[in-house]
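Observations on the three-dimensional arrangement
Spelled out from the first residue to the last, the chains are:
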Amino acid sequence: MFELRDYQIANAKKCRLKLKEYKICILNMQVRTGKSHIALDVAKDYSNVLFITKKKAISSIENDYTAANHSFNITVINYESLHKVSGLFDLVICDESHNLATYPKPSKRIKAVKQFVKNDLLLLTGTLLPESNSQIFHQLWVSPYSPYKNCGNFYKWHKIYGTPKTLFTSYGEAKDYSVVDYEKIKTTVDRLKVSFTQNEAGFTTKVNEHIIKVDMKQSTIKLMDKLRKDLVIEGKNEVVLADTGVKLMSKLQQMSSGTVKFESGNAATLDTTKVDYISKRFKGKKLAIFYFYKQELEMIKEKFGDTVTTDLEEFNNTDKHIALQQISGAEGINLSAADVLIFINFGFSNTKYIQAKDRLTTMERKVNDVYFILSTNGIDNRVYKALQSKKDYVLQTFRIDERK
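Below: a short report on this structure. (Residues numbered from 1 in each chain as written. Predicted model: local features only at pLDDT ≥ 70, side-chain atom pairs only at ≥ 80, totals over all residues. Heavy atoms only, no water.)

1. A closer look at the packing of aromatic side chains
Convention followed: Aromatic pairs are defined between Phe, Tyr and Trp rings, using the six-membered ring for Trp, whenever the two ring centres lie within 6.5 Å; interplanar angles under 30 degrees are classed as stacked, those over 60 as edge-to-face, and all others as tilted. Helix numbers and strand numbers start at the N terminus; a helix is a DSSP run of H or I with at least 4 residues, a strand a run of E with at least 2. Throughout, exposure labels follow a simple rule: accessible area from a 1.4 Å probe, protein chains only, divided by the maximum for the residue type, with under 20% read as buried, over 50% as exposed, and the rest as partly exposed. Any Lys NZ or Arg CZ found within 6 Å of a ring centre and within 35 degrees of that ring's normal is scored as a charge over the ring.
By the definition in use, this model includes 24 aromatic pairs. On the numbers, 5.3 Å between centres and 65° between planes, the contact of Tyr148 with Tyr161 is edge-to-face. With a gap of 13 residues between them, Tyr148 in the loop between α5 (136-141) and α6 (154-161) and Tyr161 in helix α6 connect regions that are remote in the sequence. Both rings, one in Phe282 and one in Tyr371, keep their centres 4.8 Å apart while their planes meet at 70°; by these two values the pair is edge-to-face. Of this pair, Phe282 sits in the loop between α11 (273-281) and β14 (287-291) while Tyr371 sits in strand β18 (residues 367-375), placing them 89 residues apart in sequence. Taking relative accessible area as the criterion, Phe282 reaches 3% and is therefore assigned buried. An aromatic cluster of at least three residues, connected via ring pairs, comprises Tyr103, Phe137, Tyr148, Phe154, Tyr155, Trp157, Tyr161 and Tyr177. We note Lys114 situated over the ring of Trp141; from NZ or CZ to the ring centre the distance is 4.4 Å.

2. Side note on the nonpolar core
So the rule is basically this: We call a set of buried residues a nonpolar core when its members are Ala, Val, Leu, Ile, Met, Phe, Trp, Tyr or Cys and they connect through side-chain atoms within 4.5 Å of each other. The contact criterion used throughout is that any non-hydrogen atoms of two residues lie within 4.5 Å.
Leu227, Leu335, Leu341, Phe343, Phe346 and Phe372 are the most contacted members of the largest nonpolar core, which has 42 residues in total. Ignoring any residue separated from it by four or fewer positions in sequence, one finds Phe346 in contact with Gln253, Phe292, Gln326, Phe372, Leu374, Asp380, Val383, Tyr384 and Leu387. One finds Leu50, Ile52, Leu100 and Val180 within the second-largest nonpolar core, a separate group that totals 36 residues.

3. Concerning the side chain of Asp401
Note that Asp401 resides in helix α17 (residues 395-403). With a relative accessible area of 14%, Asp401 lands in the buried category. When sequence neighbours within four positions are dropped, the list of residues in contact with Asp401 reads Arg382 and Tyr393.

This is the structure in structure tokens:
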């Protein structure tokens, strides 16, 4: 029979006290420490609960609910499908709540969540403020009990707590609302938080990052050089266009792993060097593979055939490998059934890099082997270097790298 760990029981109690006093609680715990189990334990005090998460994590939440033998009424839905839900909820749980952190204006997702939060709100996140302290405002704004409700909107809030700056871009000047001194909001935010780390939970997992560099085909290298020089590659039926810095950076990152998306919207596999290496090097292992661009999934499927799935349930209950998009797979899912985790490619966000590489971690697991397959002549090794230095890989960095 499933039972909460002692630290989970203690943190669930803390959450109940926060909700009772403030109607809002932020469960800010590091990945793999069991936030969902704690949230579900808290939720059993309520009659009607809405649990909002990522699509890939729905089955995991439902399994946790069943394993704990809960019986309260719960609706588990992904953020993109909230339009399918109706009703009044006593408690709304927002998993990976930093996805509600857009500013200065609330996103469509944030507005959709706000419609359902009439009573208590439980925010779950391992990275509350991944990029800016300004990201706290809309996470709390979705609740009618936000401690900043008297500010009305983000702009008025930032005028009080933020420092105005000007951002200079290729398009001209823009206002930068990212700067907020945490000391100005610390008392308010911290009283809503229940924080806990992997070390406090007793995790002793060691993550071994292995860097493997492969030589892409000469034809791929020549195409990348041509794109850098001409900013366009014209074929018989398709065109690769890189008429902006962002597009050039994206196209080179795609080609670094063997695929490319054309101006028409179609995509193609140019070079199977990485999947060929993975298939040979990790033969006999159960694999979890992160990709970034859609065509990379097609390349993986072409190589591994029926031995690979994109469904978490099938992965956990069969001997099949799993291939997941790095952004959607970085949060809220457990890939510990895999022997190794492999990145065939990845995005430019340091936060997603940190979250994704920890998907194998469990209390019982002592060693995680994580492999990054990089191309010798591509830009993916530069991107990785920036991410490992706890930085996003941005256009300015790319331009500096290209001049070297």
